[in-house]
Amino acid sequence: MSEAAMLRLEQVTVDFDGFKAINDLSLTIPSGSMTVVIGPNGAGKSTMCDTIIGRVRPTAGRVLFHGEEIQRLAEHRIVGRGICRKFQTPGVLIGLSVIDNLAIAAMRDRRWWRSFTRAGEEEARAKAEAVLEQVGLADRRDALAGNLSHGEKQWLEIGMVVATDAELLLLDEPTAGMGAAESSQTAQIIRTLVGRHAVLVIDHDIDFVSQLEGHVVVLHQGALLREGTLDEIRRDEEVAAIYLGRAK
Ligand SMILES: Nc1ncnc2c1ncn2[C@@H]1O[C@H](COP(=O)(O)OP(=O)(O)OP(=O)(O)O)[C@@H](O)[C@H]1O
Ligand SMILES: [Mg+2]
């Protein structure tokens, strides 16, 4: 088993009462990589994420994490193996400070039993301080999460995923509701995660996608239409016809 194939979807199909939201999809995500999934509305991007994290069960096919099948595991077991999805809004605890939100997320680490020890709590606090810097919220450390701007809340949510130290981070539309400057900052934050984590980002905004410099996967009608660099994808006439042409 090659270490490079950290996550592998093998001929995955997700059938919702006869409608194939995912259709015979095979995809490999290497350790420490950046994969960006694009595709028109309804292409199956979020369903793919739901399938990886165990919220949706494939009707056919397998999801392998380090060579082991995970597609029948409960979501918390998959999280325990080291896959984490950006918490759904409102994922932040608005009555707690930024740093406390990060510390709580760090305690959800898969070594959760450590959080019941003094050393475990100190470890989580130290992790929270490091992540605070990484997501650019150092000057908002003691602010209540409820008082953050929309963009800052999104960065806190990204930070909470990072604080779990999961090996694979799933970020579904992390720039939703952001302007261009905030999106750029988000791309910058996400780029720093690669290497220590593999990151799978779903987004519509091609400017943002171009700043991520990742391997791009195009989904269309639940299937893989193309994968490659963004330049290759941009030059692809079929992709332009179904997606990029529409987005511009
Ligand atoms: N639980 C469900 N039951 C039935 N159909 C579903 C369910 N979840 C998603 N779908 C359908 O599956 C298709 C894929 O949806 P999905 O949310 O994965 O698309 P997406 O690529 O994330 O789209 P968007 O860009 O709008 O977020 C859509 O047609 C959607 O209506
Ligand atoms: Mg979606």
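Source: prediction; values computed, not measured.

On to the domain arrangement of the protein. We note that the domain assignment places domain 1 (1–82 + 170–178 + 198–248) and domain 2 (90–165) within the protein. Distance between the C-alpha centres of domain 1 and domain 2: 26 Å. The interface formed by domain 1 and domain 2 holds zero salt bridges in total. Scanning the region where domain 1 abuts domain 2 turns up three residue pairs in polar contact (both at pLDDT 80 or more).

So, on to the sheet that holds strand β5 (residues 68–69). Taking strand neighbours across the sheet as the criterion, the four strands line up as β2-β1-β4-β5 in an open arrangement whose pairing is antiparallel. A single partner strand is all that each edge strand has here, and the edge strands are β2 (19–29) and β5. Bridge count between strand β1 (residues 7–16) and strand β4 (residues 60–65): five bridges; the pairing is antiparallel. Paired with R8 across the bridge in β4 is L64. Sitting on the sheet, helix α1 (residues 45–53) touches β1, β2 and β4, and the angle it makes with β1 is about 115 degrees.

This structure, assessed with the given rule, holds 16 salt bridges. Linking E10 and R8 is a salt bridge whose minimum nitrogen-to-oxygen distance equals 3.7 Å. For E152, the salt bridge is made with R140, and the minimal N-O distance between the two is 3.2 Å. In this pair, E152 sits in helix α5 (residues 150–163) while R140 sits in the loop between α4 (118–134) and α5, placing the two residues 12 residues apart along the sequence. The network of salt bridges with common partners includes R8, E10, R62, E69 and R72.

So, how was this worked out
Residues numbered from 1 in each chain as written. Chains lettered and ligands numbered in written order. Predicted model: local features only at pLDDT ≥ 70, side-chain atom pairs only at ≥ 80, totals over all residues. Heavy atoms only, no water. Domains from an automatic or database assignment. Salt bridge = Lys/Arg side-chain N within 4 Å of Asp/Glu carboxyl O. Polar contact = N/O pair within 3.5 Å; in protein donor to acceptor, adjacent residues only side chain to side chain. Pairing = 2+ DSSP bridges. Helix = DSSP H or I, 4+ residues; strand = E, 2+ residues; numbered from the N terminus. Contact = heavy atoms within 4.5 Å. Axes fitted to C-alpha atoms, helices over the stretch in contact; angles between N-to-C directions.

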